[in-house]
Amino acid sequence: MKIEITNGKLLTTLGEWQSFDRIQISDGIIHRIYQGDSLSNSKFNADAQIDAQGCYVLPGLIDLNASLREPGYSVKGSIASETAAAAAGGVTTLCCTPETDPINDSEAVTKLIKDLSHKSNKCKVLPLGALTKGLRGEQLSEYAALKQAGCIALSNAYHPIKNLAITKRCFEYAKTHDLSVFINPIEASLHEGVMHDNHVSTTIGLQGIPSLAETIAVSQLIQLAEISGAHLHLSQLSAADSVSQVKIAKERGINVTADVAIHHLLYTDEQVENFNSVFHCMPPIRSESDRLSLLEGVRSGAIDAITSAHQPHEAAAKQMPFGETEPGMSNIELLLTMAVELNDHHKLPFTNFVSAMTTQSASILRLKKPEISEGCAANLCIFDPSETWSLKAEGLLSKGKNSPLIEQQLKGKVKATIYEGTIAFSHN
Amino acid sequence: MQSPLQLTESGRLKHFLTISGLSKTLLTEILDTADSLIEVGERQIKKVPLLRGKTVVNLFFEASTRTRSTFELAAKRLSADVLNININTSAASKGESLSDMLRNLEAMASDMFVVRHAQSGAAHFIAESVTPGVAIVNAGDGWHAHPTQAMLDMLTIRQNKGQFEGLKVAIIGDILHSRVARSQIRALNTLGVEEVRVIAPNTLLPTQVESLGVTVFNNLEQGLDDIDVIIMLRLQKERMHGALLPSEQEYFELYGLTQEKLKCAKPDAIVMHPGPINRGVEIESEVADGPQSVILDQVTNGIAIRMAVMSMAMSGQTETKNLLAENAS
């Protein structure tokens, strides 16, 4: 397929905006980029033209954490629906969590996910294998087999491992197989509750999870990473002190990276005040001071990457008293719209966001650095940063309509996503 | 927390979910209405027609004898038809969702649900999901709120002390798990008492408890100094598990209200307890049955307060319905 994108601004590897006349894509590759007065190849004969007037052309986003809900949770989503949603969000590569049913702790499940995502062909899906069998925190999964089948890294997927000796062996065995370990840091014994433990939880009488449940785990995990030499990636940090610990660990040269879920950069526990279950997330959305530290962490590089932590749910999962609802937000389709909000109102420059979801996430996964230059793979997102629109639930491709942005006036809309040289999403 | 959910456009009550967001004027109106309804309980024929022809459903997802029966009596004295639903024997155990259950009950043309639920926010959730015109009264949700209990306590305080200004009130016991305490603190502060104190060991206090508008004491004797109103909370036996407390004995030793400790408060201090009482755990029998105890007044006032909020919420719903009908025509 031949695609021609005209008249936009592309993001260079230096993080600068550069106007272009035409980007020509063929055979999955960025074939030519024409700028200024350079003569265009009139013989290109594109199958598809995309007018990018007023738009940004970005490398496709790389999302380190999304739940695709397949196999096992078809009422919440499928690989087809959630990868289509990812493409609509400008994502061309994503890591899917092992929390499927059955759990992705075997070659067979990994292969099933790979097959179904090839069939859907909306974005590259890189499965995270279960760190322990059944995510039960008792036995090692078969890391060699998982890696062979296509798992990019290992994850505990928000299931705390209660035994430190087992965590230590997971690190050692992962290091043996040169696999990164993605961990949601949780100290299980401190983790009872449904929201952040603070004055809001005290006022409304919901059981709070203290930041300590995360920060104690972060401290232990960093020590284990240091001793084992394995690459520790801390997923979805939520507390200010976790950011400081990661910063210090990096200064000491420990092989640790970290990400933050995008909703932790935008919202605080005050949003839970009226028992709004859309804001029921795990880890819980914490206080304003945590949020500001997380933002500063992204700006300073202490936090490497931003993820959607996409968790689509059926409506019924959120229609119960707060404590009985299921945690998580459906974010993947709205990442760039949320990035505009972060840029406009929360002092996180848009290019900083893009870097956190492209260059930085690629580096964590040891993937080739995404670039918009001739000869590179054509994984691109065309994004109109100024279009204003109003989101309706039925407008989301994700099966999960659990987004706080529904019925809101929004700014910034993905116009098209190109995955390996084909149009994976286009908005008309 | 503001909860416009429970108010009509003109600021009147249409649900009764929490004390938060309610003005001093509205709380005083509830107390005045209850005052005027107390007399009904003293009549030969204990009925007024305020809810005649209305159906009130007592929807109790948590066991309760006292609260459920006072709500039932209150509804009956208002001439409503009352349906009691015990959730243990109903469809909830057959996997029917709360939303489905509500829809079925609404289809039976219910006008009001009195709800008790173990989850904080359950009454809010139900108020958000029911059809307009159906009033929700919160009879206790998780650790969040128990607003009728708080208001009956306010009525008892006003009867005994005349006013709220200048009063010092101490709440003693398990604040962490107490919806009663949260609602009382909110009501006392809204009604303008001078000081609300909480007295408990740190294991029974929630994070940043001061943000509720209280001063904290760990020591009972010190906390009772110069106090006008003492509110004891019930201590659940399960608090001995999970290392919140070592033993009932040590708790009674340190926080149990005895004749001796009562002397630390003002001589005319009143003693309250939402019931049921654990004699010898949080309070000594001599105090519970003594001259300063107003515990049985609280029970009597409970019926009047529940009659007041049920009739007010129902008239708020009628106002909203009439407004909708006007707009439609």
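Residues numbered from 1 in each chain as written. Chains lettered and ligands numbered in written order. Predicted model: local features only at pLDDT ≥ 70, side-chain atom pairs only at ≥ 80, totals over all residues.

## So, the packing of helix α4 (residues 164–176) of chain A against helix α6 (residues 212–228) of chain A
All names here are of chain A.
- The contact between α4 and α6 brings their axes to 10 Å, and the two run at 40°. When the axes of α4 and α6 are compared, the pair comes out oblique. The crossing of α4 and α6 is right-handed. Contact residues: α4 offers L164, T167, K168, F171, E172 and K175, while α6 offers Q220, L224, A225 and S228.
- Residue composition of the contact of α4 with α6, by class: 4 nonpolar, 3 polar and 3 charged. (Axes fitted to C-alpha atoms, helices over the stretch in contact; angles between N-to-C directions. Helix = DSSP H or I, 4+ residues; strand = E, 2+ residues; numbered from the N terminus. Parallel < 35°, antiparallel > 145°, perpendicular 65-115°, else oblique. Left-handed = near helix turned anticlockwise from the far one by under 90°. Contact = placed C-beta atoms within 7 Å. Nonpolar A, V, L, I, M, F, W, Y, C, P; charged D, E, K, R; others polar.)

## Quick look at the sheet that holds strand β14 (residues 256–261) of chain A
Residues and elements named next belong to chain A.
- The parallel open sheet is built from 8 strands, whose spatial order is β6-β7-β8-β9-β10-β13-β14-β15. Either end of the sheet is taken by a strand with one partner, and the two such strands are β6 (61–66) and β15 (305–307). Neighbour-to-neighbour, the strand axes of the sheet open up by a mean angle of 30°, direction not taken into account.
- The sheet contact formed by strand β7 (residues 91–96) and strand β8 (residues 124–130) spans 4 bridges and is parallel. Within the sheet, the bridge partner assigned to C95 lies in β8 and is L126.
- Together, β7 and β8 form the strand contacts of helix α2 (residues 107–120), whose direction differs from that of β8 by roughly 165°. (Pairing = 2+ DSSP bridges.)

## A few points about the environment of P312 of chain A
- Locating P312 of chain A in the fold gives a position in the loop between β15 and α10 (335–345).
- Sequence separation between P312 of chain A and P327 of chain A is 15 residues, and the spatial gap between their C-alpha atoms is 9.7 Å.

## Looking at the domain arrangement of chain A
All names here are of chain A.
- Per the domain assignment, the segments making up chain A are domain 1 (2–57 + 373–426) and domain 2 (59–364).
- The C-alpha-based centres of domain 1 and domain 2 are spaced at 27 Å.
- When residues of the side of domain 1 that touches domain 2 are traced back to their parent elements, those giving at least two are β16 (380–390), β17 (409–419) and β18 (422–426).
- Take the side of domain 1 that touches domain 2: its biggest share by element is 7 residues, from β17.
- Residue composition of the side of domain 1 that touches domain 2, by class: 14 nonpolar, 8 polar and 4 charged. (Domains from an automatic or database assignment.)

## Points about the sheet that holds strand β3 (residues 112–117) of chain B
All names here are of chain B.
- One open sheet accounts for 4 strands, arranged β2-β1-β3-β4; its pairing is parallel. The open sheet has two edge strands, β2 (81–86) and β4 (135–141), and neither has a second partner. Each strand of the sheet is rotated relative to its neighbour by a mean of 15°, with strand direction disregarded.
- In this structure, strand β1 (residues 55–60) lies alongside β3, joined through 5 bridges in parallel fashion. Paired with V57 across the strands is F113, a residue of β3.

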